[in-house]
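Results of the structural survey
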Amino acid sequence: LALSPDGSLLAAGPSSAAASTDIKLFSLDSGQELRRLVGHVSWIPALSFTADGRKIVSAGADQTIRVWNVADGREMAALHGHLSEIYRVAFSSDGNTIISGCKDGAILAWDAKRVQRRNRVETLPSPVAQLVVLPDTGEMLSVDRDGNVTLWDSQTLHVEESLNALGPGVEQLLISSDGTRVFAGTRGGEVIILDWPSRQIIRTLSEGPGRGDPLRPVALIDDERTLVVVAGGRTVRLVDTA
């Protein structure tokens, strides 16, 4: 699933190719399906809107990245270069670069304006689990399937830092809109809150002794005054970010 920046559209990609490989666009006001984006021939692991909401980029298990016009559903480009299933895709903060992460660990950068691959390629030691673009910096964070977090220049794909402060075993990341806070869900079931400028851990949230339910950060709401956390897949908790 991907939500448009203005909150009016929901894009949904199939988690398997059993029934259909179409991407569906829904109106959140009416709940009605508006159109389908047709072109992939396998399931869709990831979707991302541009900041202006006019385009969608999709990552396919068919080893292609596709760029779509939201208004009419037209396929604008099909990008080829990965050699395995593409798990993650994101736009850089300025919208000029598409970043894609693959099952084989490859991370590629694409020129979003000319819709072609840049020369730079990097490969992580394990599949790419998440790509998160930092606001207004030209940087991004990646998480690989081994739980390692890396900071990149999203334009050049040069590695700037291995983020050791979060430790191993990171599964997912949330970034505050001002780029000052990183919320990391770990395999141990904790949520680590990191002050990004200083790289210092502010707090670690856990269920406490004897409870044992893993915590997962889901979203920031109420102008980011509240962190939504799921505990063990059964309970939703609201945490005051202050």
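See the structure printed just above.
Criteria and cut-off values
- Residues numbered from 1 in each chain as written.
- Predicted model: local features only at pLDDT ≥ 70, side-chain atom pairs only at ≥ 80, totals over all residues.
- Heavy atoms only, no water.
- Helix = DSSP H or I, 4+ residues; strand = E, 2+ residues; numbered from the N terminus.
- Rg over C-alpha atoms; globule rule 2.2 N^0.38 Å.
- Buried < 20%, exposed > 50% of the residue type's maximum accessible area, 1.4 Å probe, protein only.
- Contact = heavy atoms within 4.5 Å.
- Areas by Shrake-Rupley, 256 points an atom, 1.4 Å probe, with all protein chains shown as cover.
- Lys, Arg positive; Asp, Glu negative; His and termini not counted.
- Charge placed at Lys NZ, Arg CZ, Asp CG, Glu CD.
- Phe/Tyr/Trp six-rings, centres within 6.5 Å; stacked < 30°, edge-to-face > 60°.
- Lys NZ or Arg CZ within 6 Å of the ring centre and 35° of its normal.
- Pairing = 2+ DSSP bridges.
- Axes fitted to C-alpha atoms, helices over the stretch in contact; angles between N-to-C directions.
- Core = buried A, V, L, I, M, F, W, Y, C linked by side-chain atoms within 4.5 Å.
- Patch = residues over 30% accessible without salt bridge, like charges linked within 9 Å, V, L, I, M, F, W, Y side chains within 5 Å.
- Salt bridge = Lys/Arg side-chain N within 4 Å of Asp/Glu carboxyl O.

**With respect to the overall build of the protein**
The number of helices and strands found in the protein is zero helices and 23 strands. Computed over the C-alpha atoms, the radius of gyration of the protein is 18 Å, within 12% of the 18 Å expected from 2.2 N^0.38 for a compact globule of 242 residues. Out of the 242 residues in the protein, the part that is buried amounts to 47%. Partitioning the contacts of the protein with sequence separation of at least 6, the portion at a separation of at least 24 is 34%. Entry remark: accessible area of the protein is about 11700 Å², with carbon and sulfur atoms responsible for 46%. Computed over 24 positive and 30 negative side-chain charges, the separation of the two mean positions in the protein equals 3 Å.

**Describing the packing of aromatic side chains**
Overall, the coordinates contain zero aromatic pairs when judged by the stated rule. Stacked on the ring of Trp196, the Lys or Arg Arg199 has its end atom at 3.6 Å from the ring centre.

**Focus on the pairing of strand S22 (residues 226-231)**
Counting buried positions over the six residues of S22 gives five, a clear majority of the element. Looking at chain direction, strand S21 (residues 215-221) and S22 are connected through six bridges and run antiparallel. Note that in S22 the partner of Arg216 across the bridge is Val230. In this sheet, strand S23 (residues 235-240) lies alongside S22 in antiparallel orientation, the contact comprising six bridges. Each bridged residue has a counterpart across the sheet, and for Leu227 the counterpart in S23 is Val239. Between the end of S22 and the start of S23, which pair antiparallel, lie three residues, with Gly232 showing a positive phi angle near 60°.

**Details of the sheet that holds strand S13 (residues 128-133)**
As a general point, the strands of a sheet are linked pairwise by backbone hydrogen bonds and lie either parallel or antiparallel. One open sheet holds the four strands; their spatial order is S13-S14-S15-S16, and the pairing between them is antiparallel. Two strands bound the open sheet, and with one partner strand each, they are S13 and strand S16 (159-162). Across the sheet, the mean angle from the axis of one strand to that of its neighbour is 25°, orientation sign disregarded. With five bridges joining them, strand S14 (residues 139-144) and strand S15 (residues 149-153) adopt antiparallel strand pairing. Across the sheet, the residue bridging to Ser142 is Thr150, located in S15.

**Some thoughts on the nonpolar core**
Within the largest apolar cluster, 16 residues are counted, with the highest numbers of intra-cluster contacts made by Leu141, Val149, Leu166, Leu173 and Trp196. The element that contributes the greatest number of residues to this core is strand S17 (residues 170-175), accounting for three residues. Beyond its immediate sequence surroundings of up to four residues, Leu173 is in contact with Gln130, Val132, Leu141, Val143, Val149, Leu166, Val182, Phe183 and Ala184. Ala59, Val67, Ala77 and Ile98 belong to the second largest nonpolar core, which has 14 residues in total.

**A word on a nonpolar patch on the surface**
Side chains of Ile221, Val236 and Leu238 sit close together on the surface and give an oily, nonpolar patch of about 290 Å² of accessible area. Along the chain, the position of Val236 falls in strand S23. With a relative accessible area of 59%, Val236 lands in the exposed category.

**Observations concerning the sheet that holds strand S4 (residues 33-37)**
The antiparallel open sheet is built from four strands, whose spatial order is S1-S2-S3-S4. Strands with a single pairing partner mark the edges of an open sheet, and in this sheet they are strand S1 (2-3) and S4. Inspection of the sheet shows S1 paired to strand S2 (residues 9-12) by two bridges, in the antiparallel sense. In the strand pairing of S2, Leu3 is matched with Leu10.

**Some points on the pairing of S13**
By the criterion of burial, S13 is predominantly enclosed, with five of the six residues buried. Inspection of the sheet shows S13 paired to S14 by five bridges, in the antiparallel sense. Looking across to S14, one finds that Val133 is bridged to Met140. Between the antiparallel neighbours S13 and S14 lie five residues, among them Asp136 with a positive phi of about 65°.

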